[in-house]
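Here are the chains, one letter per residue:
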Amino acid sequence: YRLLEDAKDYFGKYLPVEMVEKVHGKANVQAVFDVTDAKTKKSVSIAGLRVMEGHLFKSKSIPSMGGDSNGEPLSCFYRVLRNGEVIAEDENSSSGIKLEASSLRKVKEDVDSVRRGEECGLGLKGFNELEEGDVVECFSIEEKRASI
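Parameters at a glance
Residues numbered from 1 in each chain as written. Predicted model: local features only at pLDDT ≥ 70, side-chain atom pairs only at ≥ 80, totals over all residues. Heavy atoms only, no water. Core = buried A, V, L, I, M, F, W, Y, C linked by side-chain atoms within 4.5 Å. Buried < 20%, exposed > 50% of the residue type's maximum accessible area, 1.4 Å probe, protein only. Helix = DSSP H or I, 4+ residues; strand = E, 2+ residues; numbered from the N terminus. Contact = heavy atoms within 4.5 Å. Pairing = 2+ DSSP bridges. Salt bridge = Lys/Arg side-chain N within 4 Å of Asp/Glu carboxyl O.

**Q** Help me out: how do you make sense of the nonpolar core in this one?
**A** The tendency in soluble globular proteins is for nonpolar side chains to be buried as a group. The biggest cluster of nonpolar side chains holds 23 residues, and the ones touching the most others in it are Leu49, Leu56, Tyr78, Leu122 and Leu130. Listing elements by their share of this core, those giving two or more residues are strand 1 (17–36), strand 2 (43–57), strand 4 (71–82), strand 6 (101–106), strand 9 (119–124) and strand 10 (135–145). A per-element tally of this core places strand 2 first, with five residues. Look past the residues within four positions of Leu56 in its chain and what remains in contact with it is Gly25, Lys26, Ala27, Leu49, Val51, Tyr78, Leu104, Asp112, Ser113, Val114, Cys120 and Cys138.

Structure representation (structure tokens):
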């Protein structure tokens, strides 16, 4: 009785895997602060954000297939939009560097995620051109297996 379901499960393992982009949240830049990094002694821009939708993650844990809450960390990336146009993104940048969070803080405390309605400070590795009014999107690239 389950022959078709078993066949779909078996052959589904051999279907190609697609890389799918999933947006986790968006935040509005309310202020930009220039601070000096203690390690490198370079000036770094930190954006003061208010999360408008979803969550911002430093890195995200994805649940394993067994349904456990313990998952492996999944890298989250960022893109910056100014006046509705993407000005900084991962794969379209000429250097091929993905924008990752160098720091994510609420008040003075390092955090892994920030929810909708909360304020935080975000530093992006290798990107210091943030301005007030920019929108920052947090997303990840996840594997999705094609279905039969």
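**Q** Explanation requested: the pairing of strand 9 in the structure shown.
**A** The two faces of the sheet receive side chains in turn, since in a regular strand these alternate between them. Burial analysis of strand 9 places five of its six residues in the buried class, the great majority of the element. Pairing of strand 2 with strand 9 involves five bridges; the strand directions are antiparallel. When the sheet's bridge partners are listed, Ala47 is paired in strand 9 with Leu122. Pairing between strand 6 and strand 9: four bridges, direction antiparallel.

**Q** When you look at the pattern of salt bridges in this model, what are you seeing that I'm missing?
**A** Oppositely charged side chains are able to pair whenever their charged atoms sit close together. Inspection of every chain in the model, using the stated rule, returns 12 salt bridges. The shortest N-O distance in the salt bridge between Arg2 and Glu5 comes to 3.8 Å. The exposure class assigned to Arg2 is partly exposed, which follows from its relative accessible area of 49%. Arg79 is paired through a salt bridge with Glu21; the nearest N and O atoms lie 2.8 Å apart.

**Q** Where do I start with the pairing of strand 2 in this structure?
**A** With 11 bridges connecting them, strand 1 and strand 2 associate as antiparallel partners. Counterpart to Val32 in the pairing with strand 2 is Ala47. Linking strand 1 to strand 2, which pair antiparallel, is a turn of six residues; within it Lys41 sits at a positive phi near 60°. In terms of strand pairing, strand 2 meets strand 8 (residues 113–115) through three bridges, oriented antiparallel. The partner of Leu56 across the bridge, within strand 8, is Val114.

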